[in-house]
Amino acid sequence: MTTPKPRLPVMADVAKEAGVSHQTVSRVLNDHPNVRADTRARVEAAITRLGYRRNLVARALVTRRSRTLGVVSFDTTLYGPASTIYGIEQAARNAGYFVSIVSLKSIDADSVCDAVDYLTEQGVDGVVVVAPQHSASRALESLPAGMPAVAVEGTTQRTDVSAVCIDQIEGAKLATRHLLQQGHETVWHVSGPAEWLESEGRIEGWRAALKEAGRPVPEPLAGDWSPRAGYEAGKSLAAMDGVTAVFAANDQMALGVLRALSEMGVRVPEQISVVGFDDIPESEFFSPPLTTVRQDFDVVGRHCIEVLLRQIDAGPTAYERLVVRPSFVVRSSTGAAR
């Protein structure tokens, strides 16, 4: 004969243990301000002694909220999307929410709709779509009306889909201006893939900074975010005359550029200065340590959750677009032109 499992404590048990009403326990669990400090302490002590755990399903039925947010993303192996998702998860957890993630192989309207349908069936309270490509931005147009939603790095004509992004244009300007201030005549650029909005923003900022200074604007070398692409671009740049400064659209490609220049016998920064973008954790350990643009993904994640919770709490609200300014980190890969 099997021994029956012990009954899990419920809210009524906590109330009895603490000597308070069921409603008082509920107020403590929901962090209601109208609870005396000594009463709150007594209830929390009873919760700890009994090992009480909230019944989230029952709570969702009462509040009509699951305390779960959905995230739609793709290619989470890349530093930017992976760091963005981590920032969102941390901010959601701090706000008392769980996160359910759907990672897609490709972002298009059908895939995004399927992902949102899946998350809706799970009862999520709102959705964050990491949308750094044009196809992802177009897919935002097909989100269900009334669904609380925030796009990261995406753009849309919808007035009920807010966006949070890092100022890619300003980041590229910071990198380019730094090199010009070091006395370089112009700056060459290794760009990211054409479909990416970040690539476009970084090209735009680089070009704008050169034009503002009245400097020549070289043709950018196309890359794909990988060290291999930076390596191939670096070999081409090393073989050119007059190249003294390079701005790579991400740190991984900058790593490839540094490797190629080293193999070609080009000294950094004595002969060519190199700047990256992202400030990945390894950047300060490159040889030489990499000057780069830092993106604050924790701030992006916090803003995403704040904007989404405002929509969940207040219903459909006016479109919000929050732009996070990047910062610039100077290390040893850049120096004065010679």
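Now for a description of the structure that goes with this document.

Cut-offs applied
Residues numbered from 1 in each chain as written. Predicted model: local features only at pLDDT ≥ 70, side-chain atom pairs only at ≥ 80, totals over all residues. Heavy atoms only, no water. Pairing = 2+ DSSP bridges. Helix = DSSP H or I, 4+ residues; strand = E, 2+ residues; numbered from the N terminus. Axes fitted to C-alpha atoms, helices over the stretch in contact; angles between N-to-C directions. Contact = heavy atoms within 4.5 Å. Phe/Tyr/Trp six-rings, centres within 6.5 Å; stacked < 30°, edge-to-face > 60°. Buried < 20%, exposed > 50% of the residue type's maximum accessible area, 1.4 Å probe, protein only. Lys NZ or Arg CZ within 6 Å of the ring centre and 35° of its normal. Parallel < 35°, antiparallel > 145°, perpendicular 65-115°, else oblique. Nonpolar A, V, L, I, M, F, W, Y, C, P; charged D, E, K, R; others polar. Salt bridge = Lys/Arg side-chain N within 4 Å of Asp/Glu carboxyl O. Expected span 1.5 Å × (residues − 1).

**A few points about the sheet that holds strand 3 (residues 126–130)**
Strands pair in a sheet through their backbones, by hydrogen bonds, and they do so in one of two ways: parallel or antiparallel.
Move 1: Reading across from one edge, 2-1-3-4-5-11 is the order of the six strands in this open sheet, with parallel pairing throughout. Both edges of this open sheet fall to strand 2 (98–104) and strand 11 (321–324), since each of them pairs with a single strand only. The average angle at which neighbouring strand axes cross in this sheet is 20 degrees, direction not considered.
Move 2: For strand 4 (residues 149–152) and strand 5 (residues 162–166), the ladder comprises three bridges, and the chain directions are parallel. What sits directly across from valine 150, in strand 5, is serine 162.
Move 3: This element, helix 6 (residues 109–121), spans strand 1 (68–74), strand 2 and strand 3 of the sheet and lies at about 155 degrees to strand 2.

**A short note on the packing of aromatic side chains**
Move 1: Inspection of the entire model under this criterion finds three aromatic pairs.
Move 2: Their ring planes at 80 degrees and their centres at 5.8 Å tell us that tyrosine 79 and phenylalanine 297 sit as a pair that is edge-to-face. Taken as a pair, tyrosine 79 in helix 5 (residues 79–94) and phenylalanine 297 in helix 12 (residues 297–314) lie far apart in primary sequence, 218 residues in all.
Move 3: Relative accessible area serves as the criterion here: at 8%, phenylalanine 297 is assigned to the buried category.
Move 4: On the basis of an interplanar angle of 80 degrees and a centroid distance of 5.6 Å, the ring pair of tryptophan 196 and tryptophan 225 is categorised as edge-to-face. You can see tryptophan 196 sitting in the loop between strand 6 (188–191) and helix 9 (197–212) and its partner tryptophan 225 sitting in the loop between strand 7 (221–222) and helix 10 (227–238), a full 29 residues away along the chain.
Move 5: Owing to a relative accessible area of 7%, tryptophan 196 belongs among the buried residues under this scheme.
Move 6: The positively charged end of arginine 202 is found above the aromatic ring belonging to phenylalanine 277, 3.8 Å away from the centroid.

**What to know about unusual backbone geometry**
Move 1: Here valine 268 and proline 269 are connected by a cis peptide whose omega angle stands at 5 degrees.
Move 2: Cis geometry marks the peptide bond from serine 287 to proline 288; its omega dihedral reads 0 degrees.
Move 3: Following the sequence through the fold, proline 288 ends up in the loop between strand 9 (273–278) and strand 10 (291–294).
Move 4: Phi angles above zero are rare outside glycine, and tryptophan 225 is one such case at about 80 degrees.
Move 5: Located in the positive-phi region is aspartate 279, a residue other than glycine, with phi close to 60 degrees.
Move 6: By secondary structure assignment, the location of aspartate 279 is in the loop between strand 9 and strand 10.
Move 7: Residue aspartate 279 is classed as buried on the basis of its relative accessible area, which comes to 11%.

**Some points on the packing of helix 1 (residues 11–18) against helix 2 (residues 22–29)**
Geometrically, a packed helix pair is captured by the angle between its two axes and the distance between the axes.
Move 1: Viewed as axis vectors pointing N to C, helix 1 and helix 2 meet at an angle of 105 degrees, and their least axial separation amounts to 8 Å. Considering their axes alone, helix 1 and helix 2 lie roughly perpendicular with respect to each other. For the pair helix 1 and helix 2, contact is made by Met11, Ala12, Val14 and Ala15 and by His22, Val25, Ser26 and Leu29, respectively.
Move 2: Of the residues that constitute the contact of helix 1 with helix 2, the class distribution is six nonpolar, two polar and no charged.

**So, the sheet that holds strand 10**
Move 1: Read across the open sheet, the six strands follow the order 7-6-8-9-10-12; overall the sheet is mixed. Looking at the sheet topology across the chains shown, the edges are occupied by strand 7 and strand 12 (327–329).
Move 2: Bridge count between strand 10 and strand 12: three bridges; the pairing is antiparallel. What sits directly across from arginine 294, in strand 12, is serine 327.
Move 3: Across the sheet, helix 9 touches strand 6, strand 8 (245–248) and strand 9, and the angle it forms with strand 6 is around 175 degrees.
Move 4: Against the sheet, helix 11 (residues 251–263) contacts strand 6, strand 8, strand 9 and strand 10, and its axis sits at roughly 160 degrees relative to strand 9.

**Re the environment of proline 218**
Move 1: Topologically, proline 218 is positioned in the loop between helix 9 and strand 7.
Move 2: In this structure, proline 218 is in contact with Thr186, Val187, Trp188, Trp206 and Leu210, ignoring residues within four places of it in sequence.

**Some thoughts on the pattern of salt bridges**
Move 1: Per the counting criterion, the structure on display carries 12 salt bridges.
Move 2: A salt bridge links arginine 325 to glutamate 170; the nearest nitrogen and oxygen atoms lie 3.2 Å apart. Here arginine 325 is found in the loop between strand 11 and strand 12, whereas its partner glutamate 170 is found in helix 8 (residues 168–181), with 155 residues between them in sequence.
Move 3: The structure contains a network of salt bridges with shared partners spanning Lys173, Arg177 and Glu212.

**Observations concerning helix 9**
Residues separated by three or four positions in an α-helix point in the same direction, a consequence of the helix having 3.6 residues per turn.
Move 1: Spanning 16 residues, helix 9 covers 22 Å between terminal C-alpha atoms, matching the ideal 22 Å at 1.5 Å per step.
Move 2: Residues of helix 9 that are buried include every one of Leu197, Glu198, Ser199, Gly201, Arg202, Ile203, Gly205, Trp206, Ala209 and Leu210, and no others.
Move 3: As for helix 9, its buried residues are in contact with helix 7 (134–139), helix 8, strand 6, strand 8 and strand 9.
Move 4: Count one or two residues on from helix 9 and you reach glycine 214, which has phi positive near 70 degrees.

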